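# Survey of secondary and tertiary structure
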Amino acid sequence: MSVPKAELHLHIEGTLEPGLAFALAARNGVELPYADTDALREAYRFQDLGSFLNLYYELMAVLRTERDFEELADAYLARAAAQGVRHAEIFFDPQAHLARGVGMGTVIDGLWRALGRSEETHGVSTRLIMCFLRDESAESALATLDAAKPYLDRITGVGLDSAEVGHPPAKFREVFEAAAGLGLRRVAHAGEEGPPEYITEALDVLGVERIDHGLRCVEDPALVERLVRERVPLTLCPLSNVRLRAVDTLAGHPLPAMLDAGLMCTVNSDDPAYFGGYAGDNFDAVRDVLGLGPERLRELARNSFLAAFLDDDEELRSR
Ligand code: ADE
Ligand code: ZN
């Protein structure tokens, strides 16, 4: 669906399509343990978040230069624009690159080459959100924030992603406090595989303004009531939930019930190269499989702009 929308939950590394992965591997002399793109696609059968993350981090080996990050972001922005995305708030995972010897400047300067001209080239405004890997230490997150300080003019906020269970939000209290002190906005993945308590903790301890996923809030009626009352945006990713088995089937996804309950839901693609669809494809899927009508779809699109980190005048222009 090409209804104008903002995408608020998108990992740029998760937009690495098999074709681009092989092209970058060839250019950079990186050997991939897959014969070709078909063999690689065969590996896209995930049991859970962990099995996906293994492949997600493995394929990042092909991303080495500024030009690689620029091409990755430019390809995403072109596809997103074609599906009606007018504004994209883009996550990136610097620790996964720093650990491979790729510097913060290479990542951010490369991404910025595409993001900085995206309004002209694609008609898509952008924000950059730096995520901390929650299965790494709190010290590593603090060091990452420190390494990002020369680039803060290009970073709108911080997030928290990677393997959720066993890594509660409170582990990152200090770095989120420091980020807030630097004027950065805050979001966190919570309630994707982890329990509803992680959603509460992300709000109360990390001070986040949006919850990424938040799916498992439905298990706790008091939490749902709070999220409705406080108008906390949830950045849901229906096709991701199916591929990572957070739900059994798309038809069984709780999105319609969540909207009926008054939750401020948005629909996003998460890691579209891996999960079978970009933002518009996710909108199509919830329309076709969950039977959401035009009013609900408009509500989802409107929510995406309301929940975006846009200034008021920018929000009006993009709608
Ligand atoms: N990193 C990339 N995609 C993710 C997801 N869906 N959950 C947690 N971390 C991620
Ligand atoms: Zn995500």
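The preceding data block contains the structure.
Now for a quick tour of the structure.

The strand order across the open sheet built from 8 strands is β1-β2-β3-β4-β5-β6-β7-β8, with neighbouring strands paired in parallel fashion. Of all strands in the sheet, those with a lone pairing partner are β1 (5–11) and β8 (264–267), marking the two edges. Taken over all neighbouring pairs, the strand axes of this sheet differ in orientation by 25° on average, direction set aside. Across 2 bridges, strand β6 (residues 210–213) lies against strand β7 (residues 233–236) in parallel orientation. Residue pairing for β7: D212 is matched across the bridge by T235. Sitting on the sheet, helix α16 (residues 294–306) touches β1, β7 and β8, and the angle it makes with β8 is about 95°.

Here we come to the site of ligand 1. The immediate surroundings of ligand 1 are formed by H11, G14, L49, Y56, D161, S162, H189, E192, S240, D270 and D271. For the shell around ligand 1, a count of residues per class yields 2 nonpolar, 5 polar and 4 charged.

Time to look at the environment of G103. Mapped onto the elements of the fold, G103 is located in the loop between α5 (94–98) and α6 (104–115). Each C-alpha atom, one on G103 and one on E66, is 9.8 Å from the other, the two residues being 37 residues apart in sequence.

All right, on to the nonpolar core then. Counting 92 residues, the largest nonpolar core has I12, A73, F92, L111 and A202 as its most contacted members. Setting aside its immediate chain neighbours within four residues, A73 contacts I12, L111, A114 and L115.

Our next topic: unusual backbone geometry. Residue R245 is not a glycine yet carries a positive backbone phi of 60°. Examined against the element boundaries, R245 turns out to sit in the loop between α12 (238–243) and α13 (255–260). Its identity as a non-glycine residue notwithstanding, D270 has a phi of 70°, on the positive side. Among the structural elements, D270 can be located in the loop between β8 and α14 (272–275). With 30 C-beta atoms packed within 10 Å, D270 lands in the buried category.

Two quantities define a packed helix pair, namely the angle between the helix axes and the distance between the axes. Contact geometry of helix α8 (residues 138–148) with helix α9 (residues 173–181) gives a least axis separation of 8 Å together with a crossing angle of 20°. Of the possible angle classes, the one that applies to α8 and α9 is roughly parallel. Crossing geometry of α8 relative to α9 is assigned as right-handed. Facing A138, A141, L142 and L145 of α8, the residues of α9 in contact are E174, V175, A178 and A179. Considered class by class, the residues forming the contact of α8 with α9 number 7 nonpolar, no polar and 1 charged.

We now examine the packing of helix α4 (residues 66–82) against α6. It is at 7 Å that the axes of α4 and α6 come closest, and there the two elements cross at 40°. By the angle between their directions, the pair α4 and α6 is classed as oblique. Considering the relative orientation of α4 and α6, their crossing is right-handed. From α4, E66, R67, D68, F69, E70, A73, D74 and L77 reach across to α6, where they touch T106, V107, D109, G110, L111, R113, A114 and L115. Classifying every residue of the contact of α4 with α6 gives 7 nonpolar, 2 polar and 7 charged.

The subject of this paragraph is the pairing of strand β3 (residues 125–133). Summarising burial for β3: 7 of the 9 residues are buried, a large majority. When strand β2 (residues 85–92) meets β3, the two strands line up parallel, connected through 6 bridges. Looking at the pairing, A88 lines up with T126 of β3. Pairing analysis gives 5 bridges linking β3 to strand β4 (residues 157–161), with the strands arranged parallel. Within β4, the position partnered with I129 by the bridge is G157.

Thresholds applied
Residues numbered from 1 in each chain as written. Chains lettered and ligands numbered in written order. Predicted model: local features only at pLDDT ≥ 70, side-chain atom pairs only at ≥ 80, totals over all residues. Pairing = 2+ DSSP bridges. Helix = DSSP H or I, 4+ residues; strand = E, 2+ residues; numbered from the N terminus. Axes fitted to C-alpha atoms, helices over the stretch in contact; angles between N-to-C directions. Contact = placed C-beta atoms within 7 Å. Near = placed C-beta within 6 Å. Nonpolar A, V, L, I, M, F, W, Y, C, P; charged D, E, K, R; others polar. Core = buried A, V, L, I, M, F, W, Y, C linked by C-beta atoms within 7 Å. Buried ≥ 20, exposed ≤ 12 C-beta atoms within 10 Å, placed from the backbone. Parallel < 35°, antiparallel > 145°, perpendicular 65-115°, else oblique. Left-handed = near helix turned anticlockwise from the far one by under 90°.

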